[in-house]
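# Architecture and fold: a report
Each chain, letter by letter, is given below.
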Amino acid sequence: NFEGAIGSLKCIIKKANYADQNRMLLKLKEEEQVMKICRNKVKAFNLPLKIVDAEFQFDRNKLTLFFQSDRRIDFREFVRDLFGLYK
């Protein structure tokens, strides 16, 4: 039953053109680089967490990091440091 999920689906605005496809490939490459940088920063800050994924919005206005940890972590300094890089 997909009725509950339909409200959360995004609308298709237009078919992706060549420029959009290239922008998506660039975005994916940048996300890979961000993951490498974040993993290095996690080691530098000695944080007990694992970066699982990084995702930019298509317009690059927002970066979302996905991570795993066995416990709560205060990573405010880590976020401030990343904000300085990706502001």
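So, here is what we can say about the structure in this document.

Rules used throughout
Residues numbered from 1 in each chain as written. Predicted model: local features only at pLDDT ≥ 70, side-chain atom pairs only at ≥ 80, totals over all residues. Heavy atoms only, no water. Core = buried A, V, L, I, M, F, W, Y, C linked by side-chain atoms within 4.5 Å. Buried < 20%, exposed > 50% of the residue type's maximum accessible area, 1.4 Å probe, protein only. Helix = DSSP H or I, 4+ residues; strand = E, 2+ residues; numbered from the N terminus. Phe/Tyr/Trp six-rings, centres within 6.5 Å; stacked < 30°, edge-to-face > 60°. Lys NZ or Arg CZ within 6 Å of the ring centre and 35° of its normal. Salt bridge = Lys/Arg side-chain N within 4 Å of Asp/Glu carboxyl O.

### Remarks on the nonpolar core
In terms of nonpolar packing, the biggest core is built from 12 residues, these being V34, M35, C38, V42, L47, L49, I51, A54, F56, I73, F78 and L82. Among the elements that take part in this core, helix α2 (residues 18-44) stands out by supplying four residues, more than any other.

### Description of the packing of aromatic side chains
Counted under the stated rule, the structure contains two aromatic pairs. Relative to F78, the ring of F45 has its centre 6.0 Å away and its plane inclined at 80°; by these criteria the two rings are edge-to-face. Placement of F45 in the loop between α2 and β1 (50-56) and of F78 in helix α3 (residues 76-86) is noted, with a sequence separation of 33 residues between them. Judged by its relative accessible area of 33%, F45 falls in the partly exposed class. Note on F67 and F75: the rings are 5.2 Å apart at their centroids and 75° apart in plane angle, and the pair reads as edge-to-face. For F75, a relative accessible area of 26% puts it in the partly exposed group. Sitting over the face of the ring of F56, R60 holds its NZ or CZ atom 4.4 Å from the ring centroid.

### Quick look at the pattern of salt bridges
Evaluated as defined, the whole model comprises seven salt bridges. D20 is the salt-bridge partner of K14, the closest N and O atoms lying 2.9 Å from each other. D20 gets classed as buried once you look at its relative accessible area, which sits at 8%. We note a salt bridge from D74 to R76, for which the minimum N-O separation is 2.7 Å.

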